[in-house]
Amino acid sequence: MSVETDSISRQALLELANQMIKQHDDYLAGMEANDVIQQGEVLVFRGPYFLDEEGLPSAKTTAVFNVFKSLAVELSSRYHLA
């Protein structure tokens, strides 16, 4: 069963997502979504992941993952890319 979602431009969706990021409990300074793609019915957000000097995930990476996952869950149920 497919849920009907509203069409939204990539730019408008990124603006909304970045507002939501700043209000999220796991927000860290510098955290932002700078790209979004649609994979099926899921919106996938991309941005800096705060890797360490060796290019490995840091503690901040987990926070980014959790925030982007939250965005995907909440916004995919409401929108699809125009």
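For the structure itself, consult the block above.
Residues numbered from 1 in each chain as written. Predicted model: local features only at pLDDT ≥ 70, side-chain atom pairs only at ≥ 80, totals over all residues. Heavy atoms only, no water.

A word on helix α1 (residues 10–23)
Then, in step 1: Taking 1.5 Å per residue as the helical rise, α1 with its 14 residues ought to reach 20 Å, and the 20 Å between its terminal C-alpha atoms agrees with that figure.
Then, in step 2: Taken together, the buried positions of α1 are L13, L14, A17, N18, M20 and I21. All buried residues of α1 project into a common sector of 160° when viewed along the axis, lining one side. For α1, the exposed residues lying more than 90 degrees away from the buried face are Q19, K22 and Q23.
Then, in step 3: Structurally, α1 contributes buried residues whose contacts are with β1 (6–8), β2 (35–39), β3 (42–46), α2 (59–76) and β4 (79–81). (Helix = DSSP H or I, 4+ residues; strand = E, 2+ residues; numbered from the N terminus. Expected span 1.5 Å × (residues − 1). Buried < 20%, exposed > 50% of the residue type's maximum accessible area, 1.4 Å probe, protein only. Arc of directions from axis to C-beta. Contact = heavy atoms within 4.5 Å.)

Some details on the packing of aromatic side chains
Then, in step 1: Under the counting rule described, the total for this entry stands at one aromatic pair.
Then, in step 2: Between Y49 and F68, the ring centres sit 5.8 Å apart and the planes meet at 75°, which makes this aromatic pair edge-to-face. Here the residue Y49 occupies a position in the loop between β3 and α2, and F68 occupies one in helix α2, the gap between them amounting to 19 residues. (Phe/Tyr/Trp six-rings, centres within 6.5 Å; stacked < 30°, edge-to-face > 60°.)

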